[in-house]
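# Analysis of the macromolecular model
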Amino acid sequence: DAKTTQPTSMDCAEGRAANLPCNHSTISGNEYVYWYRQIHSQGPQYIIHGLKNNETNEMASLIITEDRKSSTLILPHATLRDTAVYYCIVRARGGATNKLIFGTGTLLAVQP
Amino acid sequence: GAGVSQSPSNKVTEKGKDVELRCDPISGHTALYWYRQSLGQGLEFLIYFQGNSAPDKSGLPSDRFSAERTGGSVSTLTIQRTQQEDSAVYLCASSSDRGQSQETQYFGPGTRLLVL
């Protein structure tokens, strides 16, 4: 699975959009971009995933560049409850083992 | 429906004792995963079960660790002769093999293990 690079931490004002970047320059054609987050003392929570098209759901939007070497997770109106570590993970689907390889993620601190 | 549940939520044990951690996956999910998260560390894959296939044990750190999944549902992770470095949060996840949620992993709250 391709390696990802994320900033260690970011701040965001409550009510503003949080834009979390992820670099995955060695991504392969069959690899998806997944985002999970982990709120303190909880298990990771799935947010969104995509292959090459931009995706949106009730939680967030995922913008993938045309060359697929980077992506941005957008939380449109961040709240204090969005404070968490956000993990960007790149992996193929349908493999023999569907394990997730978590990096260090980005600690997003939403400020009041 | 109900999410992934794990028990106990917290476990304190003495070095050298055996412990068993339990995971109840989401009903109907065929895949089950165990991860662990040590203090200040990232999540580390341990083992993966998929249906009736042989489990992928490639992440187990030593032969003191084992896991089983009975009846394709509940799973138990066993750590024998616990060591202090086994102290961590042990997380279980499950996923479906069909539909829009295919391969999206849903995590339980974890079991916090402290080995004294």
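Shown above is the structure to which this text applies.
Treat the numbers as computed from the prediction; the structure is a model and nothing was measured. (Residues numbered from 1 in each chain as written. Chains lettered and ligands numbered in written order. Predicted model: local features only at pLDDT ≥ 70, side-chain atom pairs only at ≥ 80, totals over all residues. Heavy atoms only, no water.)

## Quick word on the overall build of chain A
Helix and strand counts for chain A come out as zero helices and nine strands. Ordered by position from the N terminus, the helices and strands of chain A form the series β-β-β-β-β-β-β-β-β. Relative to a compact globule of 112 residues, whose C-alpha radius of gyration would be 13 Å, chain A shows 13 Å and is just as compact. The principal-axis extent of the C-alpha atoms belonging to chain A is close to 40 × 30 × 25 Å. With 112 residues in all, chain A has 44% of them scored as buried. (Helix = DSSP H or I, 4+ residues; strand = E, 2+ residues; numbered from the N terminus. Rg over C-alpha atoms; globule rule 2.2 N^0.38 Å. Buried < 20%, exposed > 50% of the residue type's maximum accessible area, 1.4 Å probe, protein only.)

## Quick notes on the interface of chain B and chain A
Think of interface size as the accessible area that goes away when the parts come together; that is how it is often given. At the junction of the two partners, chain B supplies 17 residues and chain A supplies 20 residues. Roughly 1500 Å² of surface becomes buried between chain B and chain A when both sides are summed, with 47% attributable to carbon and sulfur atoms. When the buried surface of chain B facing chain A is broken down by residue, Leu43, Glu103 and Phe107 of chain B rank first, second and third, together holding 35% of it. Between chain B and chain A we count zero salt bridges in total. Scanning the region where chain B abuts chain A turns up four residue pairs in polar contact (both at pLDDT 80 or more). Contributions of two or more residues to the side of chain B that touches chain A are made by strand S4 (31-37) and strand S5 (43-50) of chain B. Split by residue class, the side of chain B that touches chain A holds eight nonpolar, six polar and three charged. (Contact = heavy atoms within 4.5 Å. Buried area = accessible area lost by both parts, 1.4 Å probe. Salt bridge = Lys/Arg side-chain N within 4 Å of Asp/Glu carboxyl O. Polar contact = N/O pair within 3.5 Å; in protein donor to acceptor, adjacent residues only side chain to side chain. Nonpolar A, V, L, I, M, F, W, Y, C, P; charged D, E, K, R; others polar.)

## Considering the side chain of Arg37 of chain A
Residue and element names in this part refer to chain A. Locating Arg37 in the fold gives a position in strand S3 (residues 31-38). Arg37 gets classed as buried once you look at its relative accessible area, which sits at 10%. Polar side-chain contacts of Arg37 include one of 3.0 Å to the side chain of Tyr86. Look past the residues within four positions of Arg37 in its chain and what remains in contact with it is Gly43, Pro44, Gln45, Ile47, Met59, Arg81, Asp82, Ala84, Val85 and Tyr86.

## Considering the environment of Gly43 of chain A
One can find Gly43 of chain A in the loop between S3 and strand S4 (45-50). Spatially, the C-alpha atom of Gly43 of chain A lies 15 Å from that of Cys88 of chain A, the residues being 45 residues apart in sequence. Apart from the residues lying within four places of it in its own chain, the contact partners of Gly43 of chain A are Arg37 and Gln38 of chain A together with Leu91, Phe107, Gly108 and Pro109 of chain B.

## A word on the sheet that holds strand S1 (residues 9-13) of chain A
Residues and elements named next belong to chain A. With mixed pairing, the five strands of this open sheet are ordered in space as S1-S9-S8-S3-S4. Strands with a single pairing partner mark the edges of an open sheet, and in this sheet they are S1 and S4. When strand polarity is set aside, the average angle formed by the axes of neighbouring strands in this sheet is 25 degrees. Bridge count for S3 against S4 is five bridges, and the pairing is antiparallel. Of the residues in S4, the one forming a bridge with Val33 is Gly50. (Pairing = 2+ DSSP bridges. Axes fitted to C-alpha atoms, helices over the stretch in contact; angles between N-to-C directions.)

## Observations concerning the sheet that holds strand S1 (residues 5-7) of chain B
Residues and elements named next belong to chain B. If you walk across this open sheet you meet the four strands as S1-S3-S7-S6, and the pairing is antiparallel. Pairing within the sheet leaves two strands with one partner each, and these edge strands are S1 and strand S6 (65-69). On average, each strand axis in the sheet is tilted by 15 degrees relative to the strand beside it, whichever way the strands run. Summarising the sheet, strand S3 (residues 19-24) and strand S7 (residues 75-79) pair through five bridges and their orientation is antiparallel. Directly across from Glu20, in S7, lies its bridge partner Thr78.

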